[in-house]
Amino acid sequence: MDSIAVLDFGSQYSQLIARRLREVSIYCELFPHDTAYEQVERIHPAGFILSGGPASVLAAGAPRLPDYVLPSGKPILGICYGMQLLAYHLNGRVITSARREYGYAQLHVQHASPLLPEGTRTVWMSHGDRIDRMPPGFSTLASTPNSPIAGMGDPDRKYYGLQFHPEVHHTQNGTTILETFATDLCGIKPDWTPRRMVDQAISDIRSQVGNNRAVVGVSGGVDSSVAAAISYQALGDRLTAVFVDNGLLRIGERELVQSALAETLQIPLVVVDAAETFLKALKGVTDPETKRRIIGEHFIRTFEDAVRNMEPVDFLVQGTIYPDVVESSAPDRSQAARIKTHHNVGGLPEDLSFKLVEPLRYLFKDEVRKAGLELGLPASLVNRQPFPGPGLAVRCLGEVTDERLERVRQADAIFIEELTSAGLLGNPVAQALVTLLPVRSVGVMGDQRTYGEAAVLRAVTTEDFMTADWARIPHDLLGKISTRIVNEVEGINRVVLDLTSKPPGTIEWE
Ligand code: XMP
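Residues numbered from 1 in each chain as written. Predicted model: local features only at pLDDT ≥ 70, side-chain atom pairs only at ≥ 80, totals over all residues. Heavy atoms only, no water.

S.K.: Run through the packing of helix α5 (residues 194–209) against helix α6 (residues 222–235), naming residues and quoting values.
M.R.: Running from N to C, α5 and α6 point in directions that differ by 60 degrees, and their axes come no closer than 9 Å. Classed by the angle they form, the pair α5 and α6 counts as oblique. Judged by the sense of rotation from one axis to the other, the crossing of α5 with α6 is right-handed. Contacts between α5 and α6 involve R195, A201, I202, I205, R206 and V209 from the first element and I230, S231, Q233, A234 and L235 from the second. Residue composition of the contact of α5 with α6, by class: seven nonpolar, two polar and two charged. (Axes fitted to C-alpha atoms, helices over the stretch in contact; angles between N-to-C directions. Helix = DSSP H or I, 4+ residues; strand = E, 2+ residues; numbered from the N terminus. Parallel < 35°, antiparallel > 145°, perpendicular 65-115°, else oblique. Left-handed = near helix turned anticlockwise from the far one by under 90°. Contact = heavy atoms within 4.5 Å. Nonpolar A, V, L, I, M, F, W, Y, C, P; charged D, E, K, R; others polar.)

If you want it as structure tokens, here you go:
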């Protein structure tokens, strides 16, 4: 497999570099900068990209290039900190600028190259240090008013450095720069297609599981459904899918799982009806983290019971996707404070002695969706809205009761239906949801006084769900949604709109 190894020096944009390349069908993986070559070798890199990072190469103890990169003789593209590292290791000079440069800049190309063709374009800058003297063999490719050396290159060795960030969408034609590096300079054929992803995953599962049996927990979400579909292609009837209906699901969720997995794809599916148990356990609970903990524990117990009744299984398939893997392995990001406990359905029951199979471990969300369609899952499932493991329990602020769940379920369905018919769901609205507040207010309906609950509309635009902005939905549409919810959902008499970005807000309210 010809690929690119992206070495991560801790920039908040590192994952985006990998995503951009995958979007143009080039396989690449992100590795912490101190990864040993034995691990990187697995993907047969034809070139290296060095990411940005928060450190200064001038600081003692700042991360340096691993010792295998320069001797490999392969093309290298350094971005921001990565560019400064190239200068540091190849005898250039890096200095700290008098002021940081952050935001948009106009890039003027001085010497056209395949990487940066002639012209002027907008780029995104975020740096403190800059190159003062290029290493021998390099020449200036481009500059901005604040960065005389915004791009440099040594075409003989195929070493390139960019001070700006081609991976963020504020940089015009940034993906083309990364693509050109991979194809023209590293000689990679862009053939990382959905079919190849699926075939690769199937052969990996077969070699891992052999003739043994496996179980997969499905939630109705995209990741677990695709993991189940791929594993079924690999293992056939040696796979059983378990779906726990916890009573905290959206309208039609159980039916969708049954029709897509059991009927269309014919995956052996065990459905456990556990709604009553979950509701009982949640009675009187209002604290968000307590709700999440109770749901997580009950899920594991219910799942264990279901598995105990089956033929013995050795393997558990999990829909872990690449951003989860990267987030938990990146040294500089794993210290992040715990904002919410994420109890993913399908989470590993700790005291069960399963071996773990993670067929989506190296795929980004959009690749998981493409693989799902390739496997014959319906678009209605593959393009579903993200939905938290603890389900509607964290969208019913205050106590979770049957009655309140039904309110939020119906209101949510109306919101989603209207956004879908207006063509806004997916793009630009990445996620939309309704949350029920534990607040009652007075209203009037048909000459009668009402005293009902308030519902909040939350719709966001986001690329990665780590940061988000509130979506600007047309006022007339908001009016229509509000009217429908108040008229059609018993017990809700007021609708309000959430205008908070993330940060400081999170997407879900709990
Ligand atoms: P927040 O609310 O943290 O959500 O801004 C970010 C994204 O994650 C989803 N989310 C969850 N997904 N288990 C999940 O699998 C969870 O417990 C969970 N909590 C939030 C949320 O819907 C949004 O897409």
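S.K.: Requested: an account of the domain arrangement of the protein, with residues and values cited.
M.R.: Here the protein is described as being made up of domain 1 (3–185), domain 2 (194–382) and domain 3 (395–497). One C-alpha centre belongs to domain 1, the other to domain 3, and the line joining them spans 44 Å. (Domains from an automatic or database assignment.)

S.K.: So what's going on with helix α14 (residues 475–488)? Which residues, and what values?
M.R.: Taking 1.5 Å as the rise per residue, α14 with 14 residues should run 20 Å; its terminal C-alpha atoms sit 20 Å apart, in good agreement. Along α14, the residues that are buried comprise L477, L478, I481, R484, I485 and V486. Those residues of α14 that are buried are in contact with α13 (402–421), β15 (431–445), β16 (448–461) and β18 (492–497). (Expected span 1.5 Å × (residues − 1). Buried < 20%, exposed > 50% of the residue type's maximum accessible area, 1.4 Å probe, protein only.)

S.K.: Hey, could you go over the pairing of strand β8 (residues 151–154) for me, with residue numbers and the actual values?
M.R.: Of the two faces of β8, the one lined by G151 and G153 and the one lined by M152 and D154 are each fully buried. Pairing of strand β7 (residues 139–143) with β8, which is carried by three bridges, proceeds in the antiparallel orientation. The partner of S139 across the bridge, within β8, is G153. The loop that links β8 with its antiparallel partner strand β9 (residues 159–162) comprises four residues; one of these, K158, has a positive phi angle of about 60 degrees. (Pairing = 2+ DSSP bridges.)

S.K.: Could you give an account of the side chain of R250, naming the residues involved and the relevant values?
M.R.: Inspection of the secondary structure puts R250 in the loop between β11 (239–245) and α7 (253–264). Looking at R250, its side chain comes within polar contact range of the main-chain oxygen of Q385, at 3.2 Å. When sequence neighbours within four positions are dropped, the list of residues in contact with R250 reads R384, Q385, P386, F387, L392, R409 and D412. (Polar contact = N/O pair within 3.5 Å; in protein donor to acceptor, adjacent residues only side chain to side chain.)

S.K.: I'd like to hear about the sheet that holds strand β6 (residues 120–133), residue by residue, with values.
M.R.: Spatially, the nine strands line up as an open sheet ordered β2-β1-β3-β4-β9-β8-β7-β5-β6, and their pairing is mixed. Each end of this open sheet is capped by a strand with a single partner; those strands are β2 (28–32) and β6. Each strand axis lies, on average, 25 degrees off the axis of its neighbour in the sheet, ignoring direction. Inspection of the sheet shows strand β1 (residues 3–8) paired to strand β3 (residues 45–50) by five bridges, in the parallel sense. In the sheet register, V6 faces β3, and the bridge partner there is I49. Docked against the sheet, helix α1 (residues 14–23) engages β1, β2, β3 and β4 (76–79), running at close to 165 degrees with respect to β2.

S.K.: Can you explain the environment of V272? Please cite residues and give values.
M.R.: Relative to the elements of secondary structure, V272 occurs in strand β12 (residues 269–273). The class of V272 is buried, set by a relative accessible area of 19%. Linking V272 and G78, residues 194 residues apart in sequence, is a C-alpha distance of 52 Å.

S.K.: An account of the nonpolar core is requested, with residue identities and associated values reported.
M.R.: L7, I131, M152, V218, V226, I230 and L360 are the most contacted members of the largest nonpolar core, which totals 65 residues. Considering every element that reaches this core, the biggest residue donor is α6, with eight residues. Three or more residues apiece are contributed to this core by two domains, here domain 1 (3–185) and domain 2 (194–382). Filtering out sequence-adjacent residues up to four positions away, L360 remains in contact with D223, V226, A227, I230, G319, T320, I321, Y322 and V368. V244, L424, A459 and V486 belong to the second-largest nonpolar core, a separate cluster that totals 48 residues. (Core = buried A, V, L, I, M, F, W, Y, C linked by side-chain atoms within 4.5 Å.)

S.K.: Please provide a residue-by-residue account of the packing of aromatic side chains, values included.
M.R.: Evaluated as defined, the whole model comprises nine aromatic pairs. An angle of 50 degrees between the planes, with centres 5.9 Å apart, marks the rings of Y322 and Y362 as tilted. Residue Y322 is located in helix α10 (residues 322–329), and its partner Y362 is located in the loop between β14 (355–357) and α11 (365–374); the two are separated by 40 residues in the primary sequence. When its relative accessible area of 2% is taken as the criterion, Y322 is described as buried. Residue class for Y362 comes out partly exposed when judged on its relative accessible area of 30%. Feature note: the residues Y37, F48 and Y68 constitute an aromatic cluster, connected by ring pairs. Just above the ring of Y88 sits the side chain of R64; from NZ or CZ to the centre is 3.9 Å. (Phe/Tyr/Trp six-rings, centres within 6.5 Å; stacked < 30°, edge-to-face > 60°. Lys NZ or Arg CZ within 6 Å of the ring centre and 35° of its normal.)

S.K.: Go over the sheet that holds β12, please, and point to the residues and values.
M.R.: Consider a sheet: its strands pair through backbone hydrogen bonds, and that pairing is either parallel or antiparallel. Reading across from one edge, β12-β11-β10-β13-β14 is the order of the five strands in this open sheet, with parallel pairing throughout. In the strand order of this sheet, the two ends are held by β12 and β14, each with one partner. Strand-to-strand twist of the sheet, defined as the mean angle between neighbouring strand axes without regard to direction, takes the value 25 degrees. Summarising the sheet, strand β10 (residues 214–218) and strand β13 (residues 315–317) pair through three bridges and their orientation is parallel.

S.K.: Run through unusual backbone geometry, naming residues and quoting values.
M.R.: Look at the link from N427 to P428: it is a cis peptide, with omega at 5 degrees. Looking at the element boundaries, P428 is found in the loop between α13 and β15. A cis geometry characterises the amide bond from K502 onward to P503, with omega recorded as -15 degrees. Here P503 lies in the segment after β18. With a phi angle near 65 degrees, S25 is a residue other than glycine that sits in the positive phi range. Structurally, the position occupied by S25 is in the loop between α1 and β2. Located in the positive-phi region is N91, a residue other than glycine, with phi close to 70 degrees. Classification of N91 as exposed rests on a relative accessible area of 56%.

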